[in-house]
Amino acid sequence: MELKKTIDSRSNDTSVSQKLKQQDTINHLISALQTTIILDELVPLFSNELLKAVDHSGVIFENPELGIVFQHGSRTNHSCEYSLTIENNSLGKLTFMRRQRFTESELNTIEQFLSVLLYPLKNTLLYSQAIQFAHTDPLTGVLNRSTLRSVFQKEVSLTKRHHSDLSLIMLDLDFFKTINDRYGHCAGDTALKDVTQCIEKTLRESDYIFRLGGEEFAILLNDTDLKGAELIAERLRTAIESLSILHDDTQFQLTASMGITQYKENDSLGVIMSRSDNALYKAKDSGRNKVVCA
């Protein structure tokens, strides 16, 4: 059984004061929710406080706009789903699960608890959004240059721990300035977004894409040696070359040059990027639209 409802801050301002029979529990919940603005902490905290009043096996919070799907606990047969809003602004959807149906009394209690959750959840989502913006490129949605160092250090640690390989692709779009000059910067933005989507579709979910600025990208391939990286880069080069970009009834194509290298023991980020960059320059100097290994 699945039950769906909407919880809105405006519609509950008066009902909360009428229904709160367990004021001490609610007061404790209010205090507890003020201790964090981290979503991965807030949802479990809320669920654990609710468990004192309503038994449930797990909760799922979803916010499609921010790409958030967070599950705490386990999925079971029955669920009740609440769409959470504040002043017509959607916060997302919270689903509660357990093996038997929720009673009307339990649903009322859940709604009381949710009314207290709305504003702390709003603050938590604003914080999540700020963190997300700090780490991602606003045009393409992939990671930005400032995030590359921390991700590289994490991947190097994993590579050492698992005795695996790590490779880097430096990718630069060929004659990109010509596209901006001929079709305008909006067309250039469309091209960058389309190329990014092409890269995402071609790579594995575990790989990392960074926009370094302009038309230059870096791609970290975990558990991939130089030979494997070359195969991926060549597949990527072909996919970009085959891409048709449409902007304001104008259709055009572009190509990309790439330099690749494999991580060697104790390589710093600067060293591996320099090696890959040198390979990229060779690809550019030798005719473009090609892959060169360092």
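Criteria and cut-off values
- Residues numbered from 1 in each chain as written.
- Predicted model: local features only at pLDDT ≥ 70, side-chain atom pairs only at ≥ 80, totals over all residues.
- Heavy atoms only, no water.
- UniProt positions renumbered as here; feature names shortened; annotations may be inferred.
- Helix = DSSP H or I, 4+ residues; strand = E, 2+ residues; numbered from the N terminus.
- Expected span 1.5 Å × (residues − 1).
- Buried < 20%, exposed > 50% of the residue type's maximum accessible area, 1.4 Å probe, protein only.
- Contact = heavy atoms within 4.5 Å.
- Pairing = 2+ DSSP bridges.
- Axes fitted to C-alpha atoms, helices over the stretch in contact; angles between N-to-C directions.

The protein goes by diguanylate cyclase in an unreviewed UniProt entry, where it is assigned to Cycloclasticus zancles 78-ME. Among the UniProt annotations of the protein, the heading Cofactor (unreviewed entry) holds the following wording: "Mg(2+)". Its UniProt record gives the protein the following Catalytic activity (unreviewed entry) comment, quoted word for word: "2 GTP = 3',3'-c-di-GMP + 2 diphosphate".

(A) Structural context of helix α3 (residues 39–51). The end-to-end C-alpha separation of α3 is 18 Å, in line with the 18 Å expected for 13 residues at 1.5 Å each. For α3, the full list of buried residues reads Leu39, Leu42, Val43, Pro44, Phe46, Ser47, Glu49 and Leu50. Residues of α3 that are buried sit in contact with α2 (23–33), β2 (58–63), β3 (68–73), β5 (89–98) and α4 (104–135).

(B) Fine view of unusual backbone geometry. The phi dihedral of Arg288 is positive, around 65°, even though this residue is not glycine. For Arg288, the position within the fold is in the loop between α9 (269–285) and β13 (291–293). Within the chain, Asn289 stands out as a residue other than glycine whose phi angle is a positive 55°. Position of Asn289 among the secondary structure elements: in the loop between α9 and β13.

(C) Region of the structure containing the sheet that holds strand β9 (residues 216–222). Strand order in this open sheet of six strands is β6-β8-β9-β7-β12-β13, and the pairing throughout is mixed. Pairing within the sheet leaves two strands with one partner each, and these edge strands are β6 (143–144) and β13. Bridging between strand β12 (residues 256–262) and β13 involves three bridges; their strand directions are parallel. Of the residues in β13, the one forming a bridge with Ile260 is Cys293. Across the sheet, helix α8 (residues 226–241) lies against β7 (166–173), β9, β12 and β13, angled at about 170° from β12, the strand it touches most.

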